[in-house]
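The primary structure of each chain is shown beneath.
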Amino acid sequence: MSKLVLHLFNANPAALATVPSLAMRLYQSPDTDKPALEVYVFGPAEGALSSPDQGEFNAQVDGLVKQGVRVTTCIGLAQKAGAEAAFQARGLALESAATAFPRFAAETATVVTF
């Protein structure tokens, strides 16, 4: 099976609105041949995961997790921000970018960066 990774790097409002919405539409697609889906939040966008000002974004991310979409964020940045336990409690996967991107290559995933 093929895999699609939506890599959310930019913390601008358009990217924060687009990626979770697109991920949910892709997940809910009735296409029986759809690829496996993962959202990888890294860099500046990771700060939005713990920002009280990003309630809608976080509700969408939590909705993806509840639907079974793997949402991964960088463990190193989470630890640096003191957010590791909070992210784990929300069901976010934690993985270093140094291992995530080689994993995507090994999985022959298509990675689209926002």
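Residues numbered from 1 in each chain as written. Predicted model: local features only at pLDDT ≥ 70, side-chain atom pairs only at ≥ 80, totals over all residues. Heavy atoms only, no water.

**Brief notes about the sheet that holds strand β3 (residues 70–73)**
Condition: For two strands to count as paired, DSSP must find a minimum of two bridges between them. A run of DSSP states H or I qualifies as a helix once it reaches four residues; a run of E qualifies as a strand once it reaches two. Both are numbered from the N-terminal end.
Spatial ordering of the open sheet is given by β4-β3-β2-β1-β5, a layout of five strands whose pairing is parallel. Of all the strands in the sheet, the pair left with one neighbour each is β4 (93–94) and β5 (110–113). With two bridges connecting them, β3 and β4 associate as parallel partners. Residue pairing across strands places T72 opposite A93, the latter belonging to β4.

**Things to note about the nonpolar core**
Quick note on the threshold: Grouping buried Ala, Val, Leu, Ile, Met, Phe, Trp, Tyr and Cys residues that are joined through side-chain atoms within 4.5 Å yields what is termed a nonpolar core. Between buried and exposed lies partly exposed: a residue is buried under 20% and exposed over 50% of the maximum accessible area for its type, with that area taken using a 1.4 Å probe on protein chains only. Contacts were defined at the residue level, with two residues in contact if any of their heavy atoms lie within 4.5 Å.
Within the largest apolar cluster, 25 residues are counted, with the highest numbers of intra-cluster contacts made by L8, V39 and V71. Mapped onto this core, the elements with two or more residues apiece are β1 (3–8), α1 (13–28), β2 (36–41) and α2 (55–67). Among the elements that make up this core, the one with the highest residue count is α1 (five residues). When neighbours within four sequence positions are excluded, V39 is seen to be in contact with L6, V19, A23, L64, V69, R70, V71 and T72. Y40, A97, F104 and A109 belong to the second-largest nonpolar core, a separate cluster that totals seven residues.

Shape is all these values report; function is a separate question.
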